[in-house]
Amino acid sequence: MNIDLIKNDKEFEHFCKWVARDNFGPNVFLYSKYNQNGIDIYWTDKGKYHVIQCKQRGEPNPSELITSLENDFSQAYKYFHIKLRQFIFATTASLEVIETKIKRKNGLEESVLDVCNRLSSEYKIDVLPWNWDYLREKVSESPFLLKHLLNREEGADLINEDFIKNQSLNYIGKNEKQLKLEYYGGQENIQWYGILQDLDAPREKYNDVVENISSSFEKREPVASVIRGDGGSGKSVFLRRLAIDLKEKYTIYWLGSNIEQFLNNELIYDVQRHPESYYIIILEDWYRNIERAGNKIIAHKLLNEIKKIPNARLVIGDRADKKKVYDDFVLSSHIYDLHNAENTRLLERVFEKMPEWKEIISKNELNEITNATLFIALFVFCYGKHNDNANLTDC
C-alpha cells in the first residue's frame, strides 16, 4: 500500500505513537515535558521505561541521523539511567539510508543500524531503528493502524490519559457554576468533565460492581456486570465513574454502536495481541445502541468473542426488560438495578456541590421530586422555577 511520506514533526510523532500502541498496547503516550530528555514517546512496563525518539526528515542524511541518534540516546540514558529498558530511533529515512555506512572521525565506518547495535551492546539496552519501509509495512498490514492513521471510523473510545486530558482542556477558564449547571442539567458533552470534577454521587452498589469486575476474570464470566435503570436514572454516570476509577488497573474501551468496527480493529489488534493486559469494554447503552439500532446479531457476536478471550470483560448499561441476548453470559446476581429510592441520598451529595439548591426546597417537596428519575429531579433544580423563587439558573 502506498502511504505518503509524512512531512511534519508532530504528525510523525502521532504516527509513531499509534504504531507503538499497535505493537505494545494502548498505554503509550506522547512525552509532554518541556525538556524532552531525548525522547518523544514513552510507555512503562514493570517499572522500566520504553521510549521513542522521532526524526522526520525530508532529505535524510546518514551522518546527521547518526549524530542525532547518539545525542538523543545520551540524553535519555542520562535522565532515565537504569530505568531505561528500550530506546527506539524512529525516522522517515528508508532502510537503505539507515544501512548506509559513513566514515566517522575515529576512522570507523558505521551506519545508523551499526550504531544501534553498538549502543545496545555497550549499555545492555535494546536500541532499535524504525525506518520508513518498516513503518509503512506495519500500517499496511494492520486495520487497527489504517483506521487510526487514515481517519477511518473508530470502534470505541480508549479511556486513557490522552482522553482525560482532552476532556479537561475543553473547559479550562470557563465559569465553574455554569459548568455545574450544564453537568447536572444533563448536557452530553460535559459529562466526562463532571465525573473528573467529582460532581457525581456514589451509588450503594458501586463497590460490589468493582468487585464483580475483578472476580469475573477468575470465574471466566464474559459479562462482569449489567447496570440497569430507566432513561435518566444515572446509568451512564455510573459507568463513566467506573471507567475513570479503573483506567489505571485495566485498559478501558467505551463502546457505542460501532461494534463491528471494534470487533475488526481494537479487539483483534489490541485485546487479542496483548493477553498479559486486562481489558474492560463498557457498552454504555444496550437499549439505544443494540435494540433500537437493530444490532442484536452483531451484539451476539461480540458476546461470543469476549467469551473466548480470558483477558477481556464486558460491562453493560441497559433498561430492565424480560429477556436479553446477554442473559446467558452474566450471573443474575451481577445485574444491578438503579432505583429512584436512592435519589434523596444522591441529591444530598449534590447539595454539597450546589448548597444554594438545598435552601429553596422543603423536605416534603424534595421527597416529591425524588419520586421521579434522577435526571428529572436535577433538571427541575437546573432549569425549573420553584414557586415564587427566581429561575434556578440565576442562583
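Predicted model only: the values in this text are computed from it and were never measured. (Residues numbered from 1 in each chain as written. Predicted model: local features only at pLDDT ≥ 70, side-chain atom pairs only at ≥ 80, totals over all residues. Heavy atoms only, no water.)

Participant: Sorry if this is basic, but what is going on with the overall build of the protein chain here?
Facilitator: The helix and strand tally for the protein chain stands at 19 helices and 13 strands. Judged by the C-alpha coordinates and their principal axes, the protein chain covers about 90 × 45 × 40 Å. Residues counted as buried form 51% of the 395 residues belonging to the protein chain. For the protein chain, the proportion of contacts with a sequence separation of at least 24, taken over those separated by at least 6, is 72%. Just so you have it, the protein chain exposes about 19800 Å², and 46% of that area is on carbon and sulfur atoms. (Helix = DSSP H or I, 4+ residues; strand = E, 2+ residues; numbered from the N terminus. Buried < 20%, exposed > 50% of the residue type's maximum accessible area, 1.4 Å probe, protein only. Contact = heavy atoms within 4.5 Å. Areas by Shrake-Rupley, 256 points an atom, 1.4 Å probe, with all protein chains shown as cover.)

Participant: I'm lost on the pattern of salt bridges in this one. Help?
Facilitator: A side chain of one charge can pair with a side chain of the opposite charge if their charged atoms are brought near each other. Going through the model one piece at a time under the given rule, you end up with 32 salt bridges. Here Asp-162 ties to Lys-17 by a salt bridge, and the two come within 3.7 Å at their closest N and O atoms. Of the two residues, Asp-162 sits in helix α7 (residues 161-169) while Lys-17 sits in helix α1 (residues 9-24), which places them 145 residues apart along the sequence. Here Lys-17 falls in the buried class, since its relative accessible area comes to 8%. (Salt bridge = Lys/Arg side-chain N within 4 Å of Asp/Glu carboxyl O.)

Participant: Mind showing me how you'd approach the sheet that holds strand β12 (residues 312-318) here?
Facilitator: The strands making up a sheet are joined through hydrogen bonds of the backbone, oriented either antiparallel or parallel. Within the open sheet, the six strands sit side by side as β8-β10-β11-β12-β9-β13. Their pairing is mixed. The open sheet has two free edges, formed respectively by β8 (156-158) and β13 (335-337), since each of these has just one partner strand. Across the sheet, the axes of successive neighbouring strands diverge by a mean angle of 20 degrees, strand direction being ignored. Strands β9 (223-228), β10 (251-255), β11 (279-283) and β12 of the sheet are contacted by helix α11 (residues 235-246), whose axis makes an angle of about 155 degrees with β10. (Pairing = 2+ DSSP bridges. Axes fitted to C-alpha atoms, helices over the stretch in contact; angles between N-to-C directions.)

Participant: How do you make sense of the packing of aromatic side chains when you look at a structure like this?
Facilitator: Any aromatic ring pair is given by two values, namely how distant the centres are and how the planes are angled relative to each other. Under the counting rule described, the total for this entry stands at 25 aromatic pairs. When the ring of Tyr-42 is compared with that of Tyr-49, the centres are 6.3 Å apart and the planes differ by 40 degrees; the resulting orientation is tilted. Ring plane angle 65 degrees and centroid distance 5.2 Å describe the contact between Tyr-183 and Tyr-184, whose orientation is recorded as edge-to-face. Summarising the burial analysis for this pair, Tyr-183 and Tyr-184 share the class buried. Each residue in the set Phe-29, Tyr-31, Tyr-42, Tyr-49, Tyr-79 and Phe-80 is aromatic and connected to the rest through ring pairs, giving one cluster. Looking at Arg-21, its charged tip hangs above the ring of Trp-18, at a distance of 4.7 Å from the centre. (Phe/Tyr/Trp six-rings, centres within 6.5 Å; stacked < 30°, edge-to-face > 60°. Lys NZ or Arg CZ within 6 Å of the ring centre and 35° of its normal.)

Participant: Got a minute to help me understand unusual backbone geometry in this structure?
Facilitator: Peptide bonds are, in most cases, trans, and in most cases residues other than glycine have a negative phi. Positive phi, normally seen in glycine, also occurs at Lys-46, with a value near 55 degrees. Tracing the sequence through the fold places Lys-46 in the loop between β2 (41-45) and β3 (48-55). Given the relative accessible area of 81%, Lys-46 is considered exposed. Phi at Asp-198 takes a positive value of approximately 60 degrees, unusual for a residue other than glycine. For Asp-198, the position within the fold is in the loop between α9 (191-196) and α10 (206-219).

Participant: Any chance you could explain the nonpolar core here in plain terms?
Facilitator: Taken as a class, soluble globular proteins show a tendency for nonpolar side chains to be buried jointly. Within the largest apolar cluster, 52 residues are counted, with the highest numbers of intra-cluster contacts made by Ile-52, Tyr-253, Ile-281 and Leu-302. For Ile-52, the residues in contact, after removing those within four places along its chain, are Cys-16, Ala-20, Ile-39, Asp-40, Ile-41, Trp-43, Ile-88, Ala-90 and Trp-130. (Core = buried A, V, L, I, M, F, W, Y, C linked by side-chain atoms within 4.5 Å.)

Participant: What's the story with the sheet that holds strand β1 (residues 29-30) in this structure? I'm lost.
Facilitator: Within the open sheet, the five strands sit side by side as β1-β2-β3-β4-β7. Their pairing is mixed. On the outer flanks of this sheet lie β1 and β7 (126-130), each paired with one strand and no other. Contacting β3, β4 (84-91) and β7, helix α2 (residues 62-80) runs over the sheet at an angle of about 155 degrees to β4.

Participant: I keep staring at a nonpolar patch on the surface and nothing clicks. Help me out?
Facilitator: There is a patch of nonpolar side chains on the surface, built from Phe-375, Ile-376, Phe-379, Val-380 and Tyr-383 and spanning about 400 Å² of accessible area. Inspection of the secondary structure puts Phe-375 in helix α19 (residues 374-383). (Patch = residues over 30% accessible without salt bridge, like charges linked within 9 Å, V, L, I, M, F, W, Y side chains within 5 Å.)

Participant: What should I look at first to understand the environment of Tyr-206 in this one?
Facilitator: In this fold, Tyr-206 is placed in helix α10. In sequence terms Tyr-206 and Ile-369 are 163 residues apart; their C-alpha atoms lie 24 Å from each other. Discounting residues that sit within four places of it in the chain, Tyr-206 has contacts with Phe-238, Arg-241, Leu-242 and Asp-245. A polar side-chain atom of Tyr-206 sits 2.5 Å from a polar atom in the side chain of Asp-245. (Polar contact = N/O pair within 3.5 Å; in protein donor to acceptor, adjacent residues only side chain to side chain.)

Participant: Looking at this structure, I do not really get the environment of Asp-157. What am I missing?
Facilitator: Here Asp-157 lies in strand β8. Put simply, Asp-157 and Ala-377 are 220 residues apart on the chain and 30 Å apart in space, counted from C-alpha to C-alpha. Residues contacting Asp-157, with those up to four places away along its chain left out, are Phe-163, Ile-252, Tyr-253 and Trp-254.

Participant: How should α10 be read in this particular structure?
Facilitator: Think of an α-helix as turning once every 3.6 residues; residues three or four places apart then point the same way. Across its 14 residues, α10 extends 20 Å between first and last C-alpha, which sits within 8% of the 20 Å expected from 1.5 Å per residue. Of all the residues in α10, the buried ones are Tyr-206, Val-209, Asn-212, Ile-213, Ser-215, Ser-216 and Phe-217. Check the buried side of α10 and you find it contacts β9, α11, β11, β12 and β13. One or two positions beyond α10, positive phi appears at Arg-220, with a value near 60 degrees. (Expected span 1.5 Å × (residues − 1).)

Participant: So what exactly am I meant to see when it comes to α7 here?
Facilitator: Three or more residues of α7 are buried, namely Asp-162, Phe-163, Ile-164 and Gln-167. Residues of α7 that are buried make contact with α1, β1, β8, α9 and α11. The opening residue of α7 is Asn-160, an N-cap whose side-chain oxygen sits 3.2 Å from the backbone nitrogen of Asp-162.

None of this, on its own, says anything about what the molecule does.
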